[in-house]
Number of protein chains: 2
Amino acid sequence: MTEFRQPSPRRGTNLPKMGDFNLTVILDAIRRTPGGLSRVELAQIVGLSPQTISNISRRLLDQHLIVEAGKEGTGPGKPRTMLRLNPSGMYAVGVHLDPAVLTFVVLDLLGAVVRHSRITTPPGTDPRAVIDTIAGEIKRIILDSGVDPDRIAGLGVASPGPIDLNEGAVVDPPLLPGWDHVGLRDGLAEATGLSTLMDKDVTSAAVAETWAGGPSGEGSFVFMYMGTGIGCGIVLNDEVVRGTSGNAGEIGHIIVDPGGALCDCGQHGCVKSSAIPQVLVAQAEAAGILNGSLQDRSAPAVQERFAELCAIAEAGNDAAKEIIRGSAVLVARAVSVVTNALDVDRVVFGGPFWTCLSAAYLELVPGLVEANSATRRIHGIEVVGTGVGEDVGAVGAACLVLEHTLAPRSQRLLLGD
Amino acid sequence: MTEFRQPSPRRGTNLPKMGDFNLTVILDAIRRTPGGLSRVELAQIVGLSPQTISNISRRLLDQHLIVEAGKEGTGPGKPRTMLRLNPSGMYAVGVHLDPAVLTFVVLDLLGAVVRHSRITTPPGTDPRAVIDTIAGEIKRIILDSGVDPDRIAGLGVASPGPIDLNEGAVVDPPLLPGWDHVGLRDGLAEATGLSTLMDKDVTSAAVAETWAGGPSGEGSFVFMYMGTGIGCGIVLNDEVVRGTSGNAGEIGHIIVDPGGALCDCGQHGCVKSSAIPQVLVAQAEAAGILNGSLQDRSAPAVQERFAELCAIAEAGNDAAKEIIRGSAVLVARAVSVVTNALDVDRVVFGGPFWTCLSAAYLELVPGLVEANSATRRIHGIEVVGTGVGEDVGAVGAACLVLEHTLAPRSQRLLLGD
DNA sequence: TTTAGAGGTATCAGTGACCGAGTTCCGGCA
DNA sequence: TGCCGGAACTCGGTCACTGATACCTCTAAA
């Protein structure tokens with residue numbers, strides 16, 4: 001139960017440690033404005049009195065979360081002193097556990113990548129070994145980044161679904177054999193000593209967009225994550241939708257191709273059976289566009305073959321292009337299902353495979369989504385690519401920490417240890 | 001931008017008129033507990049000090065929103081005096097504008113129907129006439145209910161989609177010719193003098209469930225509204241999802257029957273083309289279960305024929321039963337798409353056609369949804385029928401007002417006038 | 001009948017966040 | 001140099017809440 005009170009000597013421990021709610025509100029306002037804001041502007045925007053803004057600003061300055069950056073004045077009068085986020089006021093570490101690759105980033109307060117690294121996911125089925133590898137790399141990257149360890153707010157982990165958010169556990173994802181109910185969150189918290197947050201990769205990507213994506217991360221949107229699988233992250237009114245167990249965004253079994261291939265769920269033409277990279281690669285192999293037939297269905301192998309297919313399409317092969325364009329049509333249908341169900345007006349694409357796909361998708365998807373929109377008479381639907389880049393998963397993981405510590409909305413999220 | 005402050009002399013007009021936030025929090029706590037709560041219990045639950053609870057309770061008692069109702073004590077000591085909502089502390093009027101029928105209710109604070117009435121929707125294409133009819137009936141039902149007009153907090157309207165929530169307008173719904181961008185909200189506000197809220201029918205139904213549905217209206221759930229069309233209302237963490245323009249819950253074009261009939265959207269086997277009452281009636285006619293073929297495709301006619309079909313199934317006709325069971329399978333697929341995308345763990349069925357369908361659906365849908373659940377290894381998905389009854393639409397409309405006035409979450413919602 | 005134990009109210013000082021008004025700071029312009 | 005206007009700070013007051021204390025009420029058990 002949430003209520004507000006004067007934070008006099010705290011009774012319970014259930015209140016955010018970092019004092020005031022309004023503090024996070026104004027921090028958020030500063031964060032969301034590219035050029036920073038002056039105190040007066042803040043007063044107008046958030047509705048608090050100038051004095052209060054001044055007081056809160058001072059506290060933020062004391063915590064080194066913001067800095068005074070230059071003055072800006074037109075007419076007569078004292079020029080306004082602009083307040084900006086202090087990039088080095090806080091850092092967060094993010095890891096993306098992907099079946100193919102482990103991505104690590106250190107992010108500053110602005111959401112900019114200070115340092116990143118990537119290693120291939122150790123093969124095998126022992127989660128313990130992977131967790132140890134991750135912990136080791138985290139220590140290394142923190143060291144390499146040269147960041148003051150005291151300024152690191154915590155660690156975020158993005159994992160493929162399904163997960164159990166309450167337990168902080170990975171629950172048997174398709175491509176991670178051996179990972180059945182593995183307490184990834186607590187394992188990493190223990191191994192690194194950092195307070196750790198966990199979320200599904202697609203959700204993390206959506207959080208990355210809200211924190212580091214600029215204007216396309218505001219308000220409500222759906223983040224289409226084009227990875228080994230296709231999933232989506234959902235943000236409504238600046239708040240991420242996680243669902244009961246953190247598994248929101250499962251759209252793999254939406255039917256998009258009624259005449260399509262049989263899926264393991266018994267239906268024909270699910271997203272999962274007709275539009276994911278592995279299937280597109282198989283199509284290309286069957287059509288003779290990619291020579292040979294790859295037996296190895298492991299994640300890194302698929303990734304490699306898919307890159308090959310994209311390169312061929314890029315080079316002008318029409319058949320290859322057609323496969324990608326076909327997938328765009330199918331994905332657009334899935335997007336329509338979600339946008340119609342939630343009435344959002346922005347779709348952001350991203351994920352590791354996005355770079356290859358962006359040209360075809362950005363050409364085809366907007367029109368298709370618009371045509372299928374139940375609200376096309378009322379508002380349009382914007383389709384854009386993320387500005388965050390290929391590391392969205394890891395960046396988002398780190399953003400989980402920033403969001404948890406600094407965002408005014410954050411209700412809870414289980415903080416490890 | 002939302003922020004919290006001490007409600008000293010208000011600056012803007014953007015704060016809820018009814019004072020304190022914590023007041024609504026404790027009102028909400030009382031509302032959600034069937035037997036009411038004592039002051040001590042409230043103190044424990046919301047975390048405020050006993051004195052503060054006492055003070056707020058007094059304010060609520062002064063406003064007649066709650067009453068002291070009986071005492072409850074086991075051991076020695078003074079028994080606790082229970083606080084309950086005062087049903088007659090506040091009332092709200094709700095209208096459901098359906099292509100076939102206009103439903104009106106007067107609700108008390110508990111969400112109980114004090115008075116209801118129903119008239120067939122006047123035929124024709126002049127919204128003005130319908131609005132006048134509605135306004136007239138509202139005046140009548142308020143009079144008949146014998147409720148003190150000063151205690152009526154406002155009017156809620158539920159309309160079929162699409163709507164434009166910001167404008168308070170109905171935007172050309174399939175079965176309401178002539179209703180293209182009609183300012184229903186403001187029209188009714190003006191005609192009745194009541195402050196008026198508007199929402200889509202399925203959203204209203206979901207609100208009804210949160211307010212008057214008991215335990216099945218808590219937390220997160222999807223409300224499947226079985227009406228002339230099939231739509232859903234979405235509630236996440238006790239907050240209704242409305243979307244950019246109030247049109248969330250459009251699931252008519254989810255493909256559920258890949259081999260099914262062609263839909264006007266160009267795909268085969270959409271919910272809209274294979275599971276709505278009109279289609280089931282047509283199937284029954286084609287199969288000779290319903291004699292004759294109805295030319296009249298108007299809403300009331302379909303409603304009547306569908307009731308006939310249900311009666312036949314009820315009477316033991318296997319072919320009729322099969323049609324209904326078939327629709328259950330299809331609807332279950334649509335449900336799975338939504339529950340997987342949002343990771344909710346409860347589905348509530350309701351709407352005007354629900355009574356006929358409930359037996360078959362409650363038998364079939366739970367198993368199907370469970371089997372298709374992406375999170376079946378983590379948590380189950382509960383499938384229940386609403387307790388609110390056939391007037392959910394109108395009840396929900398009235399609940400919009402209660403929610404807007406009394407719920408602690410309520411962000412905004414455009415208040416007419 | 002007394003006593004113990006619990007619920008609830010009244011009062012008061014103390015605290016933190018907020019606001020309003022007055023004051024100081026800072027730059028351009030006469 | 002002095003004036004003006006806008007930005008930002010200082011100061012005193014308000015408000016809701018807490019904690020402590022005292023007191024009354026009510027019930028069951030001694």
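Please read all numbers here as calculations on a predicted model, not as lab measurements.

### Regarding the interface of chain B and chain A
The extent of an interface is frequently quoted as the accessible surface area lost upon association of the parts.
For step 1, the next point in the chain: The interface is formed by 55 residues belonging to chain B together with 54 residues belonging to chain A.
For step 2, the next point in the chain: For the pair chain B and chain A, the two sides together bury roughly 4400 Å², of which 58% comes from carbon and sulfur.
For step 3, the next point in the chain: Viewed at the interface, chain A and chain B are joined by four salt bridges.
For step 4, the next point in the chain: Between D180 of chain B and R377 of chain A there is a salt bridge; the shortest N-O distance is 3.0 Å.
For step 5, the next point in the chain: Seen at the junction of chain B and chain A, the total is 18 residue pairs in polar contact (both at pLDDT 80 or more).
For step 6, the next point in the chain: Put simply, the parts of the chain that give the side of chain B that touches chain A at least two residues each are α1 (21–32), α2 (39–46), β8 (163–164), β10 (180–182), β13 (230–236) and α10 (318–342) of chain B.

### Overview of the environment of I234 of chain A
For step 1, the next point in the chain: Within the secondary structure, I234 of chain A sits in strand β13 (residues 230–236).
For step 2, the next point in the chain: I234 of chain A sits 65 residues away from A169 of chain A along the chain, and the two C-alpha atoms are 21 Å apart.
For step 3, the next point in the chain: Leave out the neighbours within four places in its chain, and I234 of chain A touches A206, F221, E239, V240, V241 and L342 of chain A together with A341 and L342 of chain B.

### Here's the deal with helix α9 (residues 299–314) of chain B
Residues and elements named next belong to chain B.
For step 1, the next point in the chain: Across its 16 residues, α9 extends 22 Å between first and last C-alpha, which sits within 8% of the 22 Å expected from 1.5 Å per residue.
For step 2, the next point in the chain: Among all positions of α9, only A299, A301, V302, R305, F306, L309, C310 and A313 are buried.
For step 3, the next point in the chain: Lining the buried residues of α9 we find α8 (277–286), α10 and α11 (354–372).
For step 4, the next point in the chain: After α9 finishes, the residue G316 shows a positive phi value of roughly 115 degrees.

### With respect to the domain arrangement of chain A
For step 1, the next point in the chain: Under the domain assignment, chain A is made up of domain 1 (21–85), domain 2 (90–210 + 393–406) and domain 3 (218–386).
For step 2, the next point in the chain: Placing the centre of domain 1 of chain A and that of domain 3 of chain A at their C-alpha centroids yields a distance of 41 Å.

### Things to note about the sheet that holds strand β4 (residues 91–97) of chain B
Residue and element names in this part refer to chain B.
For step 1, the next point in the chain: Spatial ordering of the open sheet is given by β6-β5-β4-β7-β11, a layout of five strands whose pairing is mixed. The open sheet has two edge strands, β6 (113–120) and β11 (196–200), and neither has a second partner. The mean angle between the axes of side-by-side strands here comes to 15 degrees, regardless of whether they run parallel or antiparallel.
For step 2, the next point in the chain: Two strands pair when backbone bridges link them, and β4 and strand β7 (residues 152–159) are joined in this way by five bridges, in the parallel orientation. Bridging from a neighbouring strand, H96 pairs with A158 of β7.
For step 3, the next point in the chain: Along the sheet face, helix α4 (residues 127–145) touches β4, β5 (101–108), β6 and β7 and points at about 150 degrees away from the line of β6.

### Digging into the state of the cysteines
Residue and element names in this part refer to chain B.
For step 1, the next point in the chain: With the rule as written, the count across this model stands at zero disulfides over all chains.
For step 2, the next point in the chain: With no disulfide partner, C399 has as its closest neighbouring cysteine sulfur the one in C232, 18 Å distant.
For step 3, the next point in the chain: On the basis of relative accessible area, C399 is assigned to the buried category, the value being 0%.

### Quick look at the relation of the copies chain B and chain A
For step 1, the next point in the chain: Overlaying chain B on chain A yields an RMSD of 0.2 Å, the required transformation being a rotation through 180 degrees with an accompanying axial translation of 0.1 Å. Classification of the inter-copy transformation places it as that of a two-fold axis. Taking C-alpha positions as the reference, the residue of chain B nearest the rotation axis is P258 of chain B, at 2.3 Å.
For step 2, the next point in the chain: Both copies share a contact surface, since 98% of the interface residues of chain B are interface residues in chain A too.

### A short note on the packing of α8 of chain B against α9 of chain B
Residue and element names in this part refer to chain B.
For step 1, the next point in the chain: For the pair α8 and α9, the least separation of the axes is 9 Å and the interaxial angle reads 60 degrees. Taken together, the axis directions place α8 and α9 in an arrangement best described as oblique. In this structure, the crossing between α8 and α9 has a hand that is left-handed. Counted together, P277, Q278, L280, V281, A284 and E285 of α8 and V302, R305, F306 and L309 of α9 form the full contact between these two elements.

### Here's the deal with the pairing of strand β3 (residues 80–85) of chain B
Residue and element names in this part refer to chain B.
For step 1, the next point in the chain: Relative to β3, strand β1 (residues 37–38) runs antiparallel, the two sharing two bridges. Residue pairing for β3: S38 is matched across the bridge by M82.
For step 2, the next point in the chain: Direction of pairing for strand β2 (residues 66–72) relative to β3: antiparallel, over a ladder of five bridges. Bridge pairing in β3 places K71 opposite T81.

### Examining the environment of D172 of chain B
For step 1, the next point in the chain: Structurally, D172 of chain B is set in the loop between β9 (169–171) and β10.
For step 2, the next point in the chain: Remark: the alpha-carbon pair of D172 of chain B and G161 of chain B, spanning 11 residues in sequence, is separated by 7.9 Å.
For step 3, the next point in the chain: Beyond its immediate stretch of four places on either side in the chain, D172 of chain B contacts R377 of chain A together with P162, W179, D180 and H181 of chain B.
For step 4, the next point in the chain: For D172 of chain B, the side chain forms a polar contact with the side chain of R377 of chain A, separated by 3.4 Å.

### Overview of the environment of A169 of chain B
Residues and elements named next belong to chain B.
For step 1, the next point in the chain: Relative to the assigned elements, A169 resides in strand β9.
For step 2, the next point in the chain: Classification of A169 as buried rests on a relative accessible area of 4%.
For step 3, the next point in the chain: Spatially, the C-alpha atom of A169 lies 34 Å from that of Q63, the residues being 106 residues apart in sequence.
For step 4, the next point in the chain: Apart from the residues within four sequence positions on either side, A169 is in contact with I163, D164, H181, V182, G183, L184 and M198.

### What to know about the sheet that holds strand β12 (residues 221–226) of chain B
Residue and element names in this part refer to chain B.
For step 1, the next point in the chain: An order of β14-β13-β12-β15-β16 is seen for the five strands of this open sheet, with the pairing classed as mixed. Each of the sheet's edge strands pairs with one partner strand only, and the pair in question is β14 (239–241) and β16 (382–385). Taking the axes of each pair of neighbouring strands and ignoring which way they run, one obtains an average angle of 25 degrees across the sheet.
For step 2, the next point in the chain: In the packing of helix α6 (residues 201–212) onto the sheet, contacts are made with β12, β13, β14 and β15 (346–350), and the angle to β12 comes to roughly 125 degrees.

### Focus on the packing of aromatic side chains
For step 1, the next point in the chain: Enumeration over the complete set of coordinates arrives at eight aromatic pairs over all chains.
For step 2, the next point in the chain: Where F349 of chain A meets W354 of chain A, the ring centres are 5.0 Å apart and the plane angle is 15 degrees; that geometry is what we call stacked. For the residue pair F349 of chain A and W354 of chain A, the accessibility class agrees, reading buried in each case.
For step 3, the next point in the chain: With centroids separated by 6.1 Å and ring planes inclined at 85 degrees, the aromatic side chains of W354 of chain A and Y361 of chain A adopt a geometry described as edge-to-face.
For step 4, the next point in the chain: Lying over the aromatic face of W211 of chain B, R31 of chain B brings its terminal NZ or CZ to 3.6 Å of the ring centre.

### Let's talk about the confidence of the model for chain A
All names here are of chain A.
For step 1, the next point in the chain: In the predicted model, chain A carries a mean pLDDT of 88, and 91% of its residues have values of at least 70.
For step 2, the next point in the chain: Per-element averaging of pLDDT across chain A places strand β2 (residues 66–72) at the bottom with 84 and strand β15 (residues 346–350) at the top with 98.
For step 3, the next point in the chain: The model gives residues 1–18 a pLDDT under 50, and that stretch makes 34 contacts with residues more than four places away or in other chains.

What counts and what doesn't
- Residues numbered from 1 in each chain as written.
- Chains lettered and ligands numbered in written order.
- Predicted model: local features only at pLDDT ≥ 70, side-chain atom pairs only at ≥ 80, totals over all residues.
- Heavy atoms only, no water.
- Contact = heavy atoms within 4.5 Å.
- Buried area = accessible area lost by both parts, 1.4 Å probe.
- Salt bridge = Lys/Arg side-chain N within 4 Å of Asp/Glu carboxyl O.
- Polar contact = N/O pair within 3.5 Å; in protein donor to acceptor, adjacent residues only side chain to side chain.
- Helix = DSSP H or I, 4+ residues; strand = E, 2+ residues; numbered from the N terminus.
- Expected span 1.5 Å × (residues − 1).
- Buried < 20%, exposed > 50% of the residue type's maximum accessible area, 1.4 Å probe, protein only.
- Domains from an automatic or database assignment.
- Pairing = 2+ DSSP bridges.
- Axes fitted to C-alpha atoms, helices over the stretch in contact; angles between N-to-C directions.
- Disulfide = S-S within 2.5 Å.
- Least-squares fit on C-alpha atoms with pLDDT ≥ 70 in both.
- Parallel < 35°, antiparallel > 145°, perpendicular 65-115°, else oblique.
- Left-handed = near helix turned anticlockwise from the far one by under 90°.
- Phe/Tyr/Trp six-rings, centres within 6.5 Å; stacked < 30°, edge-to-face > 60°.
- Lys NZ or Arg CZ within 6 Å of the ring centre and 35° of its normal.
- pLDDT = per-residue confidence, 0-100.

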